[in-house]
Structure formats: structure tokens, C-alpha cells
Amino acid sequence: EDFEGYPHNFRNVVPNRILEQHPSWCGILTNQEWAAWVGADKLNRRLPPNQNNCNFDMTNPELRQFVINKAIDVWNGHLPWYGPIYWLLPEDAILFSEDSASIALRTPLEEDLVPFTFPYAHSVSGDYYEFISQVAAGLQNALPEAMVGAMAYSNTHRPPDRTNPLPDNVLIDICMYGVRNLPMSSPKNTALRERLVTWSGLAKHFRHYDY
């Protein structure tokens, strides 16, 4: 239950036992499209991910503060094993909370056609990178050496619509999509190239993630 688990670790960072103690932190599904996936009885209810396959509510301020406090508390044990990076990475092939605050940060809801996204088709960059930004800002004074690691992958690949860059202690792993056997100058990689240029103005630290 540290921050280990790359490239997916949300279930370690905020485990189900914690979400069961804090039902208001859980995600909620409201879209009837998921009735066949999770069961109609699990719609319109905040439930831990093991019950509805839905990520926790990244907009909840108490949950964000829990993650900040946890990072501060485990720093001395985390550093020798994992280095100065606290990864915050959604689970793979998971649904994302449709609470009103999260949906507002995703507006307008748009499918992202650059990466492969499943089963939730829409970009969640708005609420994800706001979550990353708030946690990173909460750690800057207490742990000036620490970095917060995020991944531009699947539903979080699209650059967030922000007027201000992410805090300087944020590291973004960018997954390379596009047509990989063609150069970035190829017209078939135009969308990815434009996206990378946008990303370059949003964060200070980057890595390349490939698989």
C-alpha cells in the first residue's frame, strides 16, 4: 500500500479498504451504457472499485489530502526503494467516475482518437491532471525533493486544457502512439506531433513511455 505499481497503482495508493471507510471518495457511474458492464443495481451509487470497476473520485478534496499526507508519512521508507517519484497512475481498463465535478472538468466530453481507450471512451485529462496538480502543490513545501509522476496514456493522453503549467515537481511519462514505423514528420503522425508540442508547454519534466 505504498506508491509502487508501475504503470498502474491507484489501487495501492488508495486501497479499497480506505474507500470502504470513506464512501464519499468512491466513484459513481450514472451512464446507462455501463449497466451491462457493472450491473444496473450498481449505477447511481458510490461504490469501491472492486464493486463497480470505477476509479475513485479524483476531485474529492479529502481524498487528495489523504494522498498528500500519505506521501509525507511514507517518505523515509519510500525513498530508498523507489526513489523520489510518487507515481499516481490509474488502473488499466477501468471506468472513470461520472460525478458532477469530474464531468465538469471533462467538458466537452470527447472521445480521444489518438490512443486506444477501453472501456471508457472519453478523455479524463481534466480531472486527472487537476488531481496531479493539487497533490504536487501539496508536497512542494513539505518534500521539496519529491516528484509526482503522472502518465499521459489512454484516457489521460490528451493534454489538459490549462492556462497555467503543471507544478514544477510533476513528471509526465508520455506514451508514444501514432504510426511508429513512420517519422514524426509524416502526415499520419500530425495529431501526435501537435499533441507533443502542446505537452511541451505544460510541464517541466518528461519521460518517454513505450510498450
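That block above? That's the structure.
This report concerns the structure included in the present document.

1. Side note on a nonpolar patch on the surface
Next, step 1: On the surface, Trp37, Phe116 and Phe118 cluster together into a nonpolar patch covering about 370 Å² of accessible area.
Next, step 2: Locating Phe118 in the fold gives a position in the loop between α6 (100-106) and α7 (125-139).

2. Observations regarding the pattern of salt bridges
Two side chains bearing opposite charge may form a pair once their charged atoms approach each other closely.
Next, step 1: Taken as a whole and assessed by the stated rule, the structure comprises 10 salt bridges.
Next, step 2: The residue Arg11 makes a salt bridge to Glu91 at a minimum N-O spacing of 4.0 Å. Remark: Glu91 occurs in the loop between β3 (85-87) and α6 and Arg11 occurs in helix α1 (residues 10-13); sequence separation between them is 80 residues.
Next, step 3: Accessibility expressed as a relative area gives 37% for Arg11, which makes it partly exposed.
Next, step 4: Close ionic contact of Arg106 with Asp127 constitutes a salt bridge, the shortest N to O distance being 2.8 Å. With Arg106 in helix α6 and Asp127 in helix α7, the pair connects residues that are 21 residues apart, well separated along the chain. Neither Arg106 nor Asp127 differs from the other in exposure class; each is buried.

3. Observations concerning the state of the cysteines
Next, step 1: In the structure shown here, the tally under the stated rule is 0 disulfides.
Next, step 2: Free cysteine: Cys26, not disulfide-bonded; nearest cysteine sulfur from Cys54 at 8.8 Å.
Next, step 3: Accessibility expressed as a relative area gives 0% for Cys54, which makes it buried.

4. Some thoughts on α7
Next, step 1: Helix length check: α7 (15 residues) gives 21 Å between terminal C-alpha atoms against 21 Å at 1.5 Å per residue, within 8%.
Next, step 2: Buried within α7 are the following residues: Ser125, Asp127, Tyr128, Tyr129, Phe131, Ile132, Ser133, Val135, Ala136 and Leu139.

Conventions we followed
Residues numbered from 1 in each chain as written. Predicted model: local features only at pLDDT ≥ 70, side-chain atom pairs only at ≥ 80, totals over all residues. Heavy atoms only, no water. Patch = residues over 30% accessible without salt bridge, like charges linked within 9 Å, V, L, I, M, F, W, Y side chains within 5 Å. Areas by Shrake-Rupley, 256 points an atom, 1.4 Å probe, with all protein chains shown as cover. Salt bridge = Lys/Arg side-chain N within 4 Å of Asp/Glu carboxyl O. Helix = DSSP H or I, 4+ residues; strand = E, 2+ residues; numbered from the N terminus. Buried < 20%, exposed > 50% of the residue type's maximum accessible area, 1.4 Å probe, protein only. Disulfide = S-S within 2.5 Å. Expected span 1.5 Å × (residues − 1).

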